[in-house]
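Here is what each chain is made of, one letter per residue.
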Amino acid sequence: MEPPHIDTSKQGPGRRRPWVVGISGASGTPYAASVLRGLLAAGEAVDLIVSRASRLTLLDETGIAFRDAHWRADLREWLARGADGKPSTFPVTEADLADVRYWPAGDLAAGPSSGSYPVKGMLIVPASTACVAGVALGLSKDLLQRVASVTLKERRRLVVTVRETPLNGPTLKHLVTLDEAGAVVLPASPAFYAGATHIQDLVDFVAGRVLDAAEVPHGLYRRWEGELRGGSREREAEEAPDAR
């Protein structure tokens, strides 16, 4: 009796293993854009989930209407926009988006909804308090929450970038629940020691910390090296030797 045929074409090191990026309805879509650019710059594959509420936030914060039928064009326009709202701030080509897959938030039969779907982990950025509650309670009311639950049960990396202030008691309890379940709770809290001179610098700091939690290499912010630098990037540039 011949042994069963094993198809090795879908196995091995070449198999696609993306990061799932979930975007909820909290304010802070520039954080998500920076994280996505960082992942793509690092050569990471991305599976994208944009909640229904986040579309309203994206429209309000950027003027971009994210549409299922035109998601690639809308994503490209969004990622090209700076945190200050200026279009075409970052060069984004069709080739840059070649390894991005988009799953509608209402598609509970999507690939990432199953633990057998190979992913590296999930980054929720930004995470609203409603999203935090849904994941902590295991509601799985949409694909974003379902994938987060799957990520936890499969013991994969889950980074929750909560964006809300102040935080009330129930939300704090939900965040403790997520921490105890193995998630990384990462508030969207910019730091200033990296010499920020622009809103993009503050956004990139938070995005960089998200990528740090995912162990994805990046150059989004200046790291602390144990020395007081005493100035911004512009000041460093002014003090640099004249190259002329």
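These remarks concern the structure in this document. Remember, predicted model here, so these are calculated numbers, not experimental data. The residue count restarts for each chain, going from 1 along the sequence in the order it is written. Only residues with pLDDT of 70 or above have their local features reported here, since the model is predicted, and side-chain atom pairs are shown and tallied only from 80 upward, although totals for entire chains, interfaces and linings are computed over all residues. The side-chain quantities take in all heavy atoms of the structure and omit both hydrogens and water.

Okay, the sheet that holds strand β6 (residues 184-185) next. Note on pairing: two strands pair once DSSP finds at least 2 bridges between them. Helix and strand assignments follow DSSP, with helices taken as H or I runs no shorter than four residues and strands as E runs no shorter than two, numbered in order from the N terminus. Reading across the sheet, the six strands line up as β3-β2-β1-β4-β5-β6 and stay open at both edges, with parallel pairing between neighbours. Strands with a single pairing partner mark the edges of an open sheet, and in this sheet they are β3 (100-104) and β6. Examined bridge by bridge, strand β1 (residues 19-23) and strand β2 (residues 46-50) share five bridges and lie parallel to one another. Across the sheet, residue Gly22 finds its bridge partner in β2, namely Ile49. Relative to the sheet, helix α3 (residues 71-80) contacts β1, β2 and β3, its axis offset from that of β3 by approximately 115°. By the convention used here, residues are in contact when the closest approach between their heavy atoms is within 4.5 Å. Lines fitted to C-alpha atoms define the axes here, with helix axes fitted over just the stretch in contact, and angles between the N-to-C directions of these axes take values from 0 to 180 degrees.

This next bit is on the nonpolar core. In terms of nonpolar packing, the biggest core is built from 40 residues, with Leu36, Leu39, Leu48, Leu75 and Trp78 touching the most fellow members. Those elements that provide at least two residues to this core are β1, α1 (29-41), β2, α3, β3, β4 (121-127) and α7 (199-213). Of the residues forming this core, the biggest block, seven residues, is contributed by α1. Once you skip the residues sitting within four places of it in the chain, Leu48 turns out to touch Val21, Ile23, Leu36, Phe66, Leu75, Val100, Arg101, Tyr102 and Trp103. In these notes, a set of buried Ala, Val, Leu, Ile, Met, Phe, Trp, Tyr and Cys residues joined through side-chain atoms within 4.5 Å is what counts as a nonpolar core. Each residue is assigned to one of three classes by its accessible area relative to the maximum for its type, calculated with a 1.4 Å probe on protein chains only: buried under 20%, partly exposed between the two thresholds, exposed over 50%.

Moving on: the pattern of salt bridges. Within this document, salt bridges are pairs made up of a side-chain nitrogen of Lys or Arg and a carboxyl oxygen of Asp or Glu, the two lying within 4 Å of each other. By the definition in use, this model includes ten salt bridges. Across the pair Arg67 and Asp74 runs a salt bridge, and its minimum N-O distance is 2.8 Å. The class of Arg67 is partly exposed, set by a relative accessible area of 40%. Here Arg81 makes a salt bridge to Glu77, at a shortest N to O gap of 3.4 Å. Ionic contacts of the salt-bridge type, sharing partners, join the residues Arg16, Asp47 and Asp99 into one network.

So, on to α1. In a helix, the anticipated span is given by 1.5 Å times the number of residues less one. Across its 13 residues, α1 extends 18 Å between first and last C-alpha, which sits within 8% of the 18 Å expected from 1.5 Å per residue. Along α1, the positions that sit buried rather than exposed are Thr29, Tyr31, Ala32, Ala33, Ser34, Val35, Leu36, Arg37, Gly38, Leu39 and Leu40. Phi turns positive one or two residues past the end of α1, at Gly43, with a value near 80°.

So, about a nonpolar patch on the surface. Without a salt bridge and with relative accessible area above 30%, a residue can belong to a patch; like charges are then joined within 9 Å and nonpolar side chains (Val, Leu, Ile, Met, Phe, Trp, Tyr) within 5 Å. We get accessible surface area from the Shrake-Rupley algorithm with a probe of 1.4 Å; when it comes to residues, only the shown protein chains can shield them. Taken together, the side chains of Tyr193, Trp224 and Leu228 make up a nonpolar region of the molecular surface, amounting to roughly 400 Å² of accessible area. Residue classification places Tyr193 among the partly exposed residues on the basis of a relative accessible area of 38%.

Bringing the packing of aromatic side chains into the picture now. Note on aromatic contacts: the rings of Phe and Tyr and the six-membered ring of Trp form a pair at centre separations within 6.5 Å, being stacked when their planes are under 30 degrees apart, edge-to-face when over 60 apart, and tilted otherwise. Under the counting rule described, the total for this entry stands at six aromatic pairs. With a centroid separation of 6.2 Å and 90° between ring planes, the pair formed by Trp103 and Tyr117 is classed as edge-to-face. Remark: Tyr117 occurs in the loop between β3 and β4 and Trp103 occurs in strand β3; sequence separation between them is 14 residues. Its relative accessible area of 18% is what places Trp103 among the buried residues. Lysine and arginine charges are scored as sitting over a ring when NZ or CZ, respectively, is within 6 Å of the ring centre and within 35 degrees of the ring normal. Geometry around Phe90 places Arg37 over its ring, the cationic atom sitting 3.8 Å from the centre.

A word on the packing of α1 against α7. Packing of α1 against α7 brings their axes to within 8 Å, and their N-to-C directions diverge by 60°. Of the possible angle classes, the one that applies to α1 and α7 is oblique. Crossing geometry of α1 relative to α7 is assigned as right-handed. Across the interface between the two elements, Pro30, Tyr31, Ser34, Val35, Arg37, Gly38 and Leu39 from α1 touch Gln200, Leu202, Val203, Asp204, Val206, Ala207, Val210 and Leu211 from α7. Grouping the constituent residues of the contact of α1 with α7 by class yields ten nonpolar, three polar and two charged. Any angle between 65 and 115 degrees counts as roughly perpendicular, while under 35 counts as roughly parallel, over 145 as roughly antiparallel, and the rest as oblique. Throughout, a crossing is termed right-handed when the near helix is turned clockwise from the far one, and left-handed when it is turned anticlockwise from it by less than a right angle. Amino acids outside the nonpolar list (Ala, Val, Leu, Ile, Met, Phe, Trp, Tyr, Cys, Pro) and the charged list (Asp, Glu, Lys, Arg) are all regarded as polar, and Gly is one of them.

This brings us to the environment of Arg17. Looking at where Arg17 falls in the secondary structure, it is placed in the segment before β1. Judged by relative accessible area, which is 42%, Arg17 ranks as partly exposed. Between the C-alpha atoms of Arg17 and Tyr117, which are 100 residues apart in sequence, the distance is 8.7 Å. Beyond its immediate stretch of four places on either side in the chain, Arg17 contacts Pro118, Val119 and Lys120. There is a polar contact of 3.3 Å between the side chain of Arg17 and the backbone oxygen of Val119. Two N or O atoms form a polar contact when they lie within 3.5 Å of each other; inside protein one atom must be a possible hydrogen donor and the other a possible acceptor, and for residues adjacent in sequence the pair counts only when both atoms belong to side chains.

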